[in-house]
Amino acid sequence: MTDFGVSPKKQEELDKKFEKCKVQESDIEEKFIRSSGKGGQNVNKVSTTVYLKHYPTGIEVKCRRERIQGLNRFFARRLLAEKIEEKVLGRISEKRQKIERIRRQKRKRSKRAKEKMLEGRKMCLAKKEMQGKIIY
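Just so it is clear, the model here is predicted, and its values are computed rather than measured.

Draft legend 1. Expanded view of the layout of surface pockets. In this model, the second largest pocket occupies a volume close to 160 Å³. Taken together, Leu79, Glu82, Lys83, Glu86, Lys87, Ser93, Lys95, Arg96 and Ile99 form the lining of the second largest pocket. Elements with a contribution of two residues or more to the lining of the second largest pocket: helix H3 (69–88) and helix H4 (94–106). With five residues, H3 is the largest single contributor of residues to the lining of the second largest pocket. Both domains that furnish three or more residues to the lining of the second largest pocket are identified here as domain 1 (8–89) and domain 2 (94–134).

Draft legend 2. A look at the environment of Val88. Tracing the backbone shows Val88 in helix H3. Residues Val88 and Arg73, 15 residues apart in the sequence, show an inter-C-alpha distance of 22 Å.

The rules we used
Residues numbered from 1 in each chain as written. Predicted model: local features only at pLDDT ≥ 70, side-chain atom pairs only at ≥ 80, totals over all residues. Heavy atoms only, no water. 1 Å grid on protein atoms, 1.4 Å probe; cavity = no way out; pocket = protein on both sides within 12 Å on 5 of 7 lines; lining within 4 Å. Points joined across faces, edges and corners; volume = space filled by probe spheres on them. Helix = DSSP H or I, 4+ residues; strand = E, 2+ residues; numbered from the N terminus. Domains from an automatic or database assignment.

Written out as C-alpha cells, the structure is:
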C-alpha cells in the first residue's frame, strides 16, 4: 500500500483489515473532490475530500476529516474496511456497539422498572431513618 502519512503501526492495522476482508486496491475506485467548509485557502484550492467505492460490494465512502489529503485517504480506507467487515463478515463494528450501548443506557425506563427502582430507594431511605433514631 501507499504511504498516507500515518504511523507504520496504523498502516499495518489497515493492511490486516484489508486482508481479513479480502479487499484489494484494484477493487477500489478513488476520487478526490474539492472540499468546503472550515480550512481556509487550503480547502478551497486543493481537492482534499476522498471518495472511495468498492466495486464488489458497492459500498461508497466520503471522508474530509482532515485538511491533508493523505490523512483523508487513510481515514477513508479505514472507514471502508469497517463497513465491508460489517457487511461481509456480519460483524457489528466496535464503534456501532458503543453507540448501541449508549442508546440503551439513555433509553427511558419502563413503568414497572421505574416503580421497582423507586421502591428500592424508599426501602433504603426507611433503613437510614431507623438508624438515626435512638429509643430509650
